[in-house]
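A look at the structure
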Amino acid sequence: MFISSAFAQTAPAAAAEGGVMASLTGMLPLVLMFVVLYFIMIRPQMKRQKEHRAMIDALAKGDEVATAGGLLGKVAGLSEGYIQLEIASGVQVQMQRSAVTQVLPKGTVK
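These notes cover the structure that comes with them. In this text the structure is predicted, and so the values were computed from the model without any measurement.

**Structural notes on the overall build of the chain**
Summing up its helical and strand segments, the chain has two helices and five strands in all. Starting at the N terminus, the α and β elements of the chain follow one another as α-α-β-β-β-β-β. Here the chain, with 110 residues, has 16% of them falling under the buried criterion. Pairs at least 24 apart in sequence give 41% of the contacts found in the chain among residues at least 6 apart. Summed over all atoms, the accessible surface of the chain reaches about 8,400 Å², with 65% contributed by carbon and sulfur.

Right, dumping it as C-alpha cells:
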C-alpha cells in the first residue's frame, strides 16, 4: 500500500548485488576491535601469567619472597603446591605457591 510494487520488486536484487561486500564491510569494525583488544589487553596478560608461572617454578629453598598478603620471608621448604615461609626466626607459615608475587634480592629480609 505504501511502497510501490516496482520498488518492492527491485529491492532483493539490489541487496543480492552488494550482499557479500556489505556484510564484510559491516563486520570490519568488529574484527578491528577484537584485534586491538587482543594486542592491548589479552596478550600482555598472558605474558605476565607466563612470567609468574616461571618465577614460581624456579623458587628454591633460601629465596626471599614477598607474598600477595604482604608477608616477607625466606623459603624454608617446598612441596608441589605449597611453600613453607619463614617470616621470623622460628616462625614458619605454609602458603600456596601462587601467593608469591615477587622474589626479592638476597639480604632484603633481615
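Structure's up, so let's keep going.
**Let's talk about the sheet that holds strand 3 (residues 82–88)**
Taken together, the five strands give an open sheet; going across it, the order is 4-3-2-1-5, and neighbouring strands pair in antiparallel fashion. Both edges of this open sheet fall to strand 4 (91–96) and strand 5 (100–104), since each of them pairs with a single strand only. Each strand of the sheet is rotated relative to its neighbour by a mean of 45 degrees, with strand direction disregarded. Where strand 3 lies against strand 4, six bridges are found, and the strand directions are antiparallel. When the sheet's bridge partners are listed, Q84 is paired in strand 4 with Q94.

**Concerning the packing of aromatic side chains**
In total, this model carries one aromatic pair according to the counting rule given. Taking 5.2 Å as the distance between ring centres and 80 degrees as the angle between the ring planes, the aromatic pair formed by Y38 and F39 counts as edge-to-face.

**With respect to the pattern of salt bridges**
Using the criterion set out here, one finds one salt bridge in the structure. Measuring nitrogen to oxygen at the nearest pair gives 3.5 Å for the salt bridge that ties D63 to K106. You can see D63 sitting in the loop between helix 2 (19–57) and strand 1 (64–67) and its partner K106 sitting in the segment after strand 5, a full 43 residues away along the chain. With relative accessibility at 15%, the residue D63 sits in the buried group.

**Considerations on the nonpolar core**
Taken as a class, soluble globular proteins show a tendency for nonpolar side chains to be buried jointly. In this structure, L59, V65, V75, I83, L85, M95, A99 and V100 together form the largest nonpolar core, which totals eight residues. Each residue touching L85, except ones within four places of it in the same chain, is listed here: V65, T67, L71, G73, K74, V75, V91, Q92, V93 and M95.

Cut-offs and rules
- In this convention, every chain numbers its residues from 1, walking through the sequence in written order.
- Only residues with pLDDT of 70 or above have their local features reported here, since the model is predicted, and side-chain atom pairs are shown and tallied only from 80 upward, although totals for entire chains, interfaces and linings are computed over all residues.
- Calculation of side-chain values draws on the structure's entire complement of heavy atoms; hydrogens and water are dropped beforehand.
- Where helices and strands are cited, they refer to DSSP runs of H or I of at least four residues and of E of at least two residues respectively, numbered from the N terminus.
- Using a 1.4 Å probe on the protein chains alone, a residue whose accessible area is under 20% of its type maximum counts as buried, one over 50% counts as exposed, and one in between counts as partly exposed.
- Only heavy atoms matter for contacts: two residues are in contact if any of them lie within 4.5 Å across the pair.
- Areas reported as accessible are Shrake-Rupley estimates using a 1.4 Å probe. Residue values count occlusion only from the protein chains shown.
- Pairing between two strands requires that DSSP report at least two bridges joining them.
- To obtain an axis, a line is fitted to C-alpha atoms, over the contacting stretch when the element is a helix, and the angle between two such axes runs from 0 to 180 degrees between their N-to-C directions.
- A pair of aromatic rings is counted whenever rings of Phe, Tyr or Trp (Trp by its six-membered ring) have centres within 6.5 Å, and the orientation is called stacked for planes under 30 degrees apart, edge-to-face for over 60 and tilted otherwise.
- The term salt bridge refers to a side-chain nitrogen of Lys or Arg lying within 4 Å of a carboxyl oxygen of Asp or Glu.
- What is meant by a nonpolar core is a set of buried Ala, Val, Leu, Ile, Met, Phe, Trp, Tyr and Cys residues, joined one to another through side-chain atoms within 4.5 Å.

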